[in-house]
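A structural walkthrough
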Amino acid sequence: QATRGVQRGAASVKRRKGRGFTVLAGVADARFGRDARGYSDRVRAAAALFRRFDVLLQERTALTYSDLLFRADVEVRRLPALRDELRRRFLHCSVDEYQDTDIAQHRFLQAVFGESLESVMAVGDVRQSIYAFRGAHPENMEEFAALPNCVHFRLTESRRSRQEILDFAHRVIS
């Protein structure tokens, strides 16, 4: 019975795919059902922890970094006067380690500076992305580089490391 429920769920996801959803993985076997039941206590404990965390945030009228980004993005998109004021006050923006930005950060920059991001300078290297565990989307750097008015400058000199370290790193990466 658990397997049929998983299969129905997978079929449901596939039906929604045409409405903007992407299927990342699909598993519909009996082992998955057994494993899922085995993790149910942990899932319930994690859910209780998150509910408590949300209550504490509300009690303290606090927001997480994700909440701040989401709300700022929504307001900038909802209020053209706010967007225009931000563009007037901040003519340019520089973002270092752009390969470690997440989708919400990228969207917020687009909300403030426009889809073309013409007044944004991004510095980064997709090969050095280290924050995937927290949602970094290195593809943001590639999407930025593909923008029509993007000008590329290759940085070939490091002020942080001696040449022998850089040579070794390039041999490892290549």
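Please refer to the structure placed before this passage.
Residues numbered from 1 in each chain as written. Predicted model: local features only at pLDDT ≥ 70, side-chain atom pairs only at ≥ 80, totals over all residues. Heavy atoms only, no water.

Considerations on the overall build of the protein
Of the regular secondary structure elements, the protein holds seven helices and two strands. Starting at the N terminus and walking to the C terminus, you meet the elements of the protein as α-α-α-α-β-α-β-α-α. Within the protein, the proportion of its 174 residues that are buried is 20%. Sequence separation of at least 24 residues holds for 65% of the intrachain contacts in the protein that already meet a minimum separation of 6. Summed over its atoms, the accessible surface of the protein is roughly 13,800 Å², and 56% of this surface lies on carbon and sulfur atoms. (Helix = DSSP H or I, 4+ residues; strand = E, 2+ residues; numbered from the N terminus. Buried < 20%, exposed > 50% of the residue type's maximum accessible area, 1.4 Å probe, protein only. Contact = heavy atoms within 4.5 Å. Areas by Shrake-Rupley, 256 points an atom, 1.4 Å probe, with all protein chains shown as cover.)

Side note on helix H2 (residues 30-59)
The end-to-end C-alpha distance of H2, which contains 30 residues, comes to 43 Å, matching closely the 44 Å that a straight helix rising 1.5 Å per residue would cover. The largest bend along H2 reaches roughly 45 degrees and is located at serine 40. At the C-terminal side of H2, threonine 61 shows a positive phi close to 45 degrees. (Expected span 1.5 Å × (residues − 1). Bend = angle between axes of the 7 residues up to and from the residue.)

Here we look at the pattern of salt bridges
Applying the stated criterion across every chain yields a total of eight salt bridges. The closest approach of N and O atoms between aspartate 73 and arginine 77, which form a salt bridge, is 2.8 Å. Of this pair, aspartate 73 and arginine 77 both sit in helix H3 (residues 65-78), four residues apart, which is roughly one turn of that helix. By relative accessible area, arginine 77 is classed as partly exposed at 35%. Between arginine 83 and aspartate 84 there is a salt bridge; the shortest N-O distance is 3.0 Å. Residue class for arginine 83 comes out partly exposed when judged on its relative accessible area of 25%. One salt-bridge network, held together by shared partners, links Asp73, Arg77 and Arg107. (Salt bridge = Lys/Arg side-chain N within 4 Å of Asp/Glu carboxyl O.)

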